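Structural description and commentary
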Amino acid sequence: MEYIYASLLLHSAKKDITEDSLKNVLTAAGINVDEVRVKAVVAALKEVNIDEVLKNAAAMPVAAAPAAQ
Amino acid sequence: MEYIYASLLLHSAKKDITEDSLKNVLTAAGINVDEVRVKAVVAALKEVNIDEVLKNAAAMPVAAAPAAQ
Amino acid sequence: MEYIYASLLLHSAKKDITEDSLKNVLTAAGINVDEVRVKAVVAALKEVNIDEVLKNAAAMPVAAAPAAQ
Amino acid sequence: MEYIYASLLLHSAKKDITEDSLKNVLTAAGINVDEVRVKAVVAALKEVNIDEVLKNAAAMPVAAAPAAQ
Amino acid sequence: MEYIYASLLLHSAKKDITEDSLKNVLTAAGINVDEVRVKAVVAALKEVNIDEVLKNAAAMPVAAAPAAQ
Amino acid sequence: MEYIYASLLLHSAKKDITEDSLKNVLTAAGINVDEVRVKAVVAALKEVNIDEVLKNAAAMPVAAAPAAQ
Amino acid sequence: MIEMSITIQQKKIPQWKIDEVKELEQLIKENKTIIIANLEKFPADKLHEIRKKFRGYAEIRVSKNTLFKIAAKNAGLDITKIEKYLNSSNAFIFSNENPFTISINLNKSRLKRYAIAGDKSDEEIVIPAGDTGMPAGPILSTFGKLKVPTRVQDGKVAVTKDTLIAKPGDTIPAEAIPILQKLGIMPVYVKLTMKVAYHEGLLIPAEELEVNLDDYRSEIGEAYRNTIALGVEIAYPVPDVLKISITKAQNYSLNLAGEMGYISKDTAEIVFIKALAKANALAEAINDKANLGIQVAQ
């Protein structure tokens, strides 16, 4: 989840999520950055409206309690 | 929520959440760090079992039960 | 909601919610105090078990907002 | 949660939430003010659109954080 | 479900779902295409507002995602 | 989500999800393949037991209840 | 004028009236709160029950308006403000309590009575299922008119299902009245209706005196949820709040991963859940349109 946390960190700070900004954050957290994954994340996020996703996540009704434990 | 994402990033990278590590991550994200907030968050997180919370978060996505004080 | 926030502030500080204490807080917040409302709030809150209400508010499933779009 | 109650009191009275106004309210409620915390809360609130947060409050996916007591 | 996955692949890539495009995708995945079924799926999807269906699916409680242990 | 649908298509056709097979399917769908993302998805899926995940995913009430209008 | 007539006719005034004015004057001077309540339609025999409940912090007096007026004037009250409430039959409540406390307690000390023709119900009236003890006979058709399902059991009428016959505010059907009496259902409230409160120079009209405690409860709940939401958003450094912040961040992260199809060990499940949810929804949608025999994966 590191790449997602880092992306949301940037997003909630209203910074652009670019390969560089993402790498900076991950590196600062002491993570060995996987270039491929960074590129993939940035590319995938371009296709997603993050605010929309978060809004829906918040509006989500009492969700699916996992079927079994 | 920046402080939380940064903390989760550190946590999932298995790094200690200290004032320094948190500041590093936030700064790398281009955020003007508020020393006082960093101190307060780090101190409060010391009392939280993050793994436990994440496990519950995943298992029960929505069921309000904040502490009543 | 000012009168309610002021009352909850007093409550969480473990102070009695009296006409005087309520007026003090409201005035300190720069609010022109309505004497009649203060009286009404103080009388009403005497009858309400605030801790109980807070506990229920917390326990209420946040489902409150189904994705109703 | 006194600092938040006090902040929302000011907000709902359409007053600016400054270190001074917050301290005034807290003091009026008989609370020993923690300067550091006041600073932290005021700084944090500056980055947040309170109205927006309140609008979404009902939809909050407040999960899994039962009172630790 | 292969026919559905293939249709969703085309849809999310913003391609028309035709008998040819569907057959192409299925064949590329090494699947023996059933012409009748292809026809049926393409015909049925014409009568459906796919975006609408997906939006409803997304609005469903999907939050539960137990973190991998 | 194209990469995911393509992976699901291959998986449900009982084909290995390799960089080549994934690229084939995506190309057949008329998608400009992003090599990096293909690599990232294939690498990530290697760490995941898809059958297990799908079983769990399907067991979620979520999957069970599409808006049945 | 009144004073004049008093002086002139003093000898004809019975002693009890003079005493009463004196007593009222005393009560007015000694109490911060005076509430004028309507006694019309209030059964006099119920007054003592309310008095009993108020004993110790409020005194209820039934007096003639003219006597109260004189007493008020003597006590230095600005009579012009309350004059318009001094008509018909009134009770006067004297207390040093907050007027809203009196209002709340009047509400709590309300009594109930049987309905009479023309009454509106103050609460939901439900005829409960079960044996009514009433012998079968013409009463059966009354139950029928009220659409209450019955059957006869050992010669007695038994109601087979809880049946609502009036909601609060509805006029109670006349034919139901004897049945309600036999069943011991008292759907009409007896309470003193406040007209106005006079409190330390403030005049508070009846509408403002009504206190709805449930409204307060729901406002407190709302305020609390707002507070938590704001605390969560700014990561207010209290462990219990941070737990919720973390949960929220995690929920957001998982959903974002799911929507963008980001697969890792932690996110594979949410990604596939979302993909499957969409695939299932689509399969179901076209299954409805044309019977394709597609098995919705379950």
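As shown above, the structure is provided for reference.
Residues numbered from 1 in each chain as written. Chains lettered and ligands numbered in written order. Predicted model: local features only at pLDDT ≥ 70, side-chain atom pairs only at ≥ 80, totals over all residues. Heavy atoms only, no water.

1. Overview of the overall build of chain G
The number of helices and strands found in chain G is 12 helices and 12 strands. Each of the 298 residues in chain G was classed as buried or not, and the buried ones make up 52%. For chain G, the exposed surface amounts to about 13800 Å²; the carbon and sulfur share of it is 50%. (Helix = DSSP H or I, 4+ residues; strand = E, 2+ residues; numbered from the N terminus. Buried < 20%, exposed > 50% of the residue type's maximum accessible area, 1.4 Å probe, protein only. Areas by Shrake-Rupley, 256 points an atom, 1.4 Å probe, with all protein chains shown as cover.)

2. A few points about the interface of chain G and chain B
With 21 residues of chain G at the interface, the matching set in chain B holds 19 residues. Interface area, chain G with chain B, both sides summed: about 1800 Å², of which 77% is carbon and sulfur. At the boundary of chain G with chain B, the tally comes to 0 salt bridges. Considering every element that reaches the side of chain G that touches chain B, the biggest residue donor is helix 11 (residues 239-260) of chain G, with 13 residues. A class-by-class count of the residues in the side of chain G that touches chain B yields 13 nonpolar, 4 polar and 4 charged. (Contact = heavy atoms within 4.5 Å. Buried area = accessible area lost by both parts, 1.4 Å probe. Salt bridge = Lys/Arg side-chain N within 4 Å of Asp/Glu carboxyl O. Nonpolar A, V, L, I, M, F, W, Y, C, P; charged D, E, K, R; others polar.)

3. Comments concerning the sheet that holds strand 11 (residues 193-199) of chain G
All names here are of chain G. The sheet built from 5 strands is open, its strands ordered 2-3-1-11-12 with antiparallel pairing. With partners counted over all chains shown, the strands left at the sheet margins are strand 2 (58-62) and strand 12 (202-205), one partner each. Recorded for the sheet is a direction-independent mean angle of 20 degrees between the axes of neighbouring strands. In terms of strand pairing, strand 11 meets strand 12 through 4 bridges, oriented antiparallel. Of the residues in strand 12, the one forming a bridge with valine 196 is proline 205. In the packing of helix 2 (residues 15-30) onto the sheet, contacts are made with strand 1 (33-38), strand 2 and strand 3 (90-95), and the angle to strand 2 comes to roughly 150 degrees. (Pairing = 2+ DSSP bridges. Axes fitted to C-alpha atoms, helices over the stretch in contact; angles between N-to-C directions.)

4. Points about the interface of chain G and chain C
Each partner contributes residues to the interface: chain G has 25 residues there, and chain C has 21 residues. Buried area between chain G and chain C, both sides added, is near 2000 Å², and the carbon and sulfur share of it is 75%. In terms of surface lost to chain C, no three residues of chain G exceed Tyr216, Ile220 and Tyr224 of chain G, which account for 30% of the buried area on that side. Counting across the chain G and chain C interface gives 2 salt bridges. In this assembly, chain G and chain C are joined by 4 residue pairs in polar contact (both at pLDDT 80 or more). Broken down by secondary-structure element, the contributors of at least two residues to the side of chain G that touches chain C are helix 6 (99-108), strand 12 and helix 10 (213-233) of chain G. Looking at which element gives the most residues to the side of chain G that touches chain C, the answer is helix 10 of chain G, with 12 residues. Partitioned by chemical class, the residues of the side of chain G that touches chain C number 11 nonpolar, 7 polar and 7 charged. (Polar contact = N/O pair within 3.5 Å; in protein donor to acceptor, adjacent residues only side chain to side chain.)

5. Details of the packing of helix 2 (residues 19-28) of chain E against helix 3 (residues 35-46) of chain E
Residue and element names in this part refer to chain E. At a minimum axis distance of 9 Å, the contact between helix 2 and helix 3 shows a crossing angle of 125 degrees. With respect to helix 3, the axis of helix 2 lies oblique. Between helix 2 and helix 3 lies a crossing whose hand is right-handed. Contacts between helix 2 and helix 3 involve Glu19, Leu22, Lys23 and Leu26 from the former and Glu35, Val38, Lys39, Val41 and Val42 from the latter. Residue composition of the contact of helix 2 with helix 3, by class: 5 nonpolar, no polar and 4 charged. (Parallel < 35°, antiparallel > 145°, perpendicular 65-115°, else oblique. Left-handed = near helix turned anticlockwise from the far one by under 90°.)

6. Things to note about helix 2 (residues 19-28) of chain C
Residues spaced three or four apart along an α-helix face the same direction, because each turn holds 3.6 residues. Residue and element names in this part refer to chain C. Ser21, Leu22, Val25 and Leu26 are the residues of helix 2 that are buried. Axial view of helix 2: buried residues confined to an arc of 130 degrees, hence all on one face. In the stretch just after helix 2, glycine 30 is the one whose phi turns positive, near 80 degrees. (Arc of directions from axis to C-beta.)

7. A word on empty space enclosed by the protein
Overall, the coordinates contain 4 cavities of 30 Å³ or more when judged by the stated rule. Estimated volume of the largest cavity: approximately 150 Å³. Along its surface, the largest cavity is lined by 16 residues, and Ala40 of chain A, Val41 of chain F together with Gly261, Tyr262 and Ile263 of chain G are the ones closest to its centre. For the lining of the largest cavity, the secondary structure elements donating two or more residues are helix 3 (35-46) of chain A together with helix 1 (2-12) and helix 3 (35-46) of chain F. (1 Å grid on protein atoms, 1.4 Å probe; cavity = no way out; pocket = protein on both sides within 12 Å on 5 of 7 lines; lining within 4 Å. Points joined across faces, edges and corners; volume = space filled by probe spheres on them.)

8. Observations concerning the pattern of salt bridges
One pass over the structure, following the stated rule, counts 29 salt bridges over all chains. Across the salt bridge formed by lysine 39 of chain F and glutamate 19 of chain F, the nearest N and O atoms sit 3.4 Å from each other. On the criterion of sequence distance, the pair formed by lysine 39 of chain F in helix 3 and glutamate 19 of chain F in helix 2 (residues 19-28) is long-range, its members being 20 residues apart. Lysine 39 of chain F sits in the partly exposed class, given a relative accessible area of 37%. The partly exposed category is assigned to glutamate 19 of chain F, whose relative accessible area is 29%. Between lysine 243 of chain G and aspartate 240 of chain G there is a salt bridge, with the nearest N and O atoms lying 3.5 Å from each other. With a gap of 3 residues between them, lysine 243 of chain G and aspartate 240 of chain G both fall in helix 11, about one helical turn apart. For lysine 243 of chain G, a relative accessible area of 14% puts it in the buried group. Where salt bridges share partners, they join Glu19 and Lys39 of chain C together with Glu200 of chain G into one cluster.

No statement about biological role is implied by the geometric values presented.
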